Amino acid sequence: MMTRRTAARAAAMTAVSYSRVLGANERIGLGLIGAGGRGQYVMTLFQRDSAVDVRAVCDVYAVKTDAAQQKAPGARAFVHHERLLEMKEVDMVLVGSPDHWHKDHSVDAMAAGKDVYVEKPLCRLREEAAEMVKAARVYGRVCQVGVQQRSGQVYEEAREKYLKSGLVGRVAHIDCVWHSGAPRPLPTTPAVQPSNLDWVRFLGPVKYRDWTPAQYLNFRAFLDFNGGKMTDFGHHWLDTVHMFMGERGPRTAMSGGGGFYYQDGRTAPDTISALFEYDEFSVHFASLSSPAGGEYGVTFHGDKGRLYVNRNRYEFQSAEKGAPLEVTKFPGDITADHVRNFLDCCRTRQRPKGDVGLAAISIQPPLLAVQSYLEKRLIRFDPDRMETIPS
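Residues numbered from 1 in each chain as written. Predicted model: local features only at pLDDT ≥ 70, side-chain atom pairs only at ≥ 80, totals over all residues. Heavy atoms only, no water.

Describing the sheet that holds strand β15 (residues 379-382)
Using the following cut-off: For two strands to be treated as a pair, DSSP must find no fewer than two bridges joining them. Secondary structure elements follow DSSP: runs of H or I of four or more residues count as helices, runs of E of two or more count as strands, with numbering from the N terminus. As a rule, the C-alpha atoms of each element are fitted with a line to give its axis, helices using only the stretch in contact, and angles between N-to-C directions run from 0 to 180 degrees. Here, two residues are considered to be in contact whenever any of their heavy atoms come within 4.5 Å of each other.
In spatial order, the strands read β14-β13-β12-β11-β7-β10-β9-β8-β15-β16; together these 10 strands make up an open sheet with mixed pairing. Of all strands in the sheet, those bounded by a partner on one side alone are β14 (325-329) and β16 (387-389). On average, each strand axis in the sheet is tilted by 20° relative to the strand beside it, whichever way the strands run. Where strand β11 (residues 297-302) and strand β12 (residues 305-310) come together, four bridges link them in antiparallel fashion. Looking across to β12, one finds that F300 is bridged to L307. Docked against the sheet, helix α11 (residues 234-245) engages β7 (171-177), β9 (271-277), β10 (282-287), β11 and β12, running at close to 155° with respect to β7. Packed onto the sheet, helix α14 (residues 364-375) meets β8 (252-258), β9, β15 and β16 and runs at close to 55° relative to β8.

Below, the structure is given as structure tokens:
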């Protein structure tokens with residue numbers, strides 16, 4: 001049994017051993033858990049740092065570990081993440097697995113003395129967020145969440161130049177938009193489970209069901225595995241709202257939508273809209289299934305102007321008559337900046353920009369919206385206690 005005293009001792013020992021590794025040879029061992037397209041891509045961003053060696057990859061499907069090993073020759077391959085975590089040569093873990101595994105993969109890695117970069121959304125269930133924060137603090141680990149806006153110069157500059165300076169004025173409403181393309185029919189093949197794919201391992205904490213290709217290949221269409229577009233896109237934008245307006249949750253959440261294009265068993269809505277009431281402002285999030293639905297981004301409506309920002313551009317329109325539209329563009333992928341921030345913090349032992357403690361707050365509104373969608377009612381929330389209020 002892990003007591004506070006033994007936990008503190010373990011955290012101290014792992015921190016010391018980690019610094020000893022960096023000081024001895026300046027090499028950092030990375031393990032990838034979840035070797036899908038996103039996991040492999042972010043892994044290559046880690047590899048841009050000459051001190052990083054990818055030493056292990058893990059996935060339930062051998063085809064994916066084979067592909068990851070092509071990018072990381074010499075890395076060992078595993079199906080069970082516990083075996084990867086036993087490797088002393090692995091100092092940090094990149095979690096790119098499906099959402100329903102994020103909590104277990106991250107907590108297990110931190111308990112094993114590894115620093116963690118976990119993709120968004122932080123978790124599948126609201127109560128999992130606190131468990132992840134606790135693990136980071138108890139074991140003394142750096143835990144960066146893939147809300148890369150936190151490391152983007154475009155966001156930092158827009159916030160300082162227009163919001164904190166007061167040029168936007170008092171913000172009373174924020175619009176968050178992130179549409180997707182038109183939905184497609186769910187895949188029906190392969191009808192037979194591939195022999196080199198561990199379906200039971202994929203399901204993990206989710207209740208058992210027989211092999212269903214759609215639930216593996218398009219897990220985001222099923223609320224058993226994630227929160228759909230509300231957490232896939234919504235965690236990014238609600239985290240941006242918190243980054244600009246303060247690290248505090250809403251008072252209420254209400255959402256509506258549905259699966260309007262296909263009635264084929266999917267449970268996540270293809271069209272979703274949510275309204276959140278904060279202490280001093282409101283937030284509206286919308287995600288349509290329309291390739292012509294408009295550009296993604298976050299718009300802050302103030303009494304002195306309007307600020308729009310996405311990952312590669314910000315725009316400011318002053319309310320003054322005749323004022324020109326100010327536009328500033330930023331090329332590139334801010335995910336690389338977020339990875340660099342994580343690596344820097346692993347060396348300095350400082351908390352990263354997308355620290356798990358911040359993400360644990362910003363994941364609350366998207367998950368409250370999912371609850372509202374399922375229960376068809378307004379959800380009241382206490383942002384101080386981080387608990388829902390019975391209606």
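What about the sheet that holds strand β6 (residues 143-145)?
Spatial ordering of the open sheet is given by β3-β2-β1-β4-β5-β6, a layout of six strands whose pairing is parallel. Whereas interior strands pair on both sides, the edge strands pair on one side only; in this sheet they are β3 (76-78) and β6. Here the average twist between neighbouring strands, direction ignored, is 20°. Note that strand β5 (residues 115-118) and β6 share three bridges and pair parallel. Residue V118 lies in a different strand from β6, and its bridge partner there is V145.

Quick notes on empty space enclosed by the protein
Selection criterion: Within this scheme a cavity is a closed region of a 1 Å grid, computed over the protein atoms alone, that accommodates a 1.4 Å probe without allowing it to escape, whereas a pocket is open but has protein on both sides within 12 Å along at least five of seven lines; lining residues each have an atom within 4 Å of a point. Grid points are joined across faces, edges and corners, and a volume is the space filled by probe spheres set on the points. For this classification, the nonpolar set comprises Ala, Val, Leu, Ile, Met, Phe, Trp, Tyr, Cys and Pro, the charged set comprises Asp, Glu, Lys and Arg, and every other residue, Gly included, is treated as polar.
Tallied over the full model, the rule gives one cavity of 30 Å³ or more. As a volume, the largest cavity reaches approximately 50 Å³. Around the largest cavity, the lining residues are L223, G227, M230, P269, I272, A369, V370 and Y373. Per element, the largest residue contribution to the lining of the largest cavity is three residues, and it comes from α14. For the lining of the largest cavity, a count of residues per class yields seven nonpolar, one polar and no charged.

Describing the nonpolar core
Where a protein is soluble and globular, its nonpolar side chains tend to be buried together. As a reminder, the rule being used: For this analysis, a nonpolar core means a set of buried residues of the types Ala, Val, Leu, Ile, Met, Phe, Trp, Tyr and Cys, connected via side-chain atoms within 4.5 Å. Any residue under 20% of the maximum accessible area for its type is buried, any over 50% is exposed, and the rest in between are partly exposed; the area is computed with a 1.4 Å probe on protein chains only.
In this structure, I174, F244, F276, V283, F285, L307 and V309 are the most contacted members of the largest nonpolar core, which totals 41 residues. Discounting chain neighbours no more than four positions away, the residues touching V309 are V154, Y155, A158, F244, G297, V298, F300 and Y314. Among the nonpolar cores identified, the runner-up in size contains 30 residues, and L84, V116, L122 and A359 belong to it.

Observations concerning the pattern of salt bridges
To be explicit about the condition: One side-chain nitrogen of Lys or Arg within 4 Å of one carboxyl oxygen of Asp or Glu is enough to make a salt bridge.
Applying the stated criterion across every chain yields a total of 29 salt bridges. R347 serves as the salt-bridge partner of D49, at 3.1 Å between the closest nitrogen and oxygen. Of the two residues, D49 sits in the loop between α2 (37-46) and β2 (52-58) while R347 sits in helix α12 (residues 335-348), which places them 298 residues apart along the sequence. Between R209 and D224 there is a salt bridge, with its nearest N and O atoms 2.8 Å apart.

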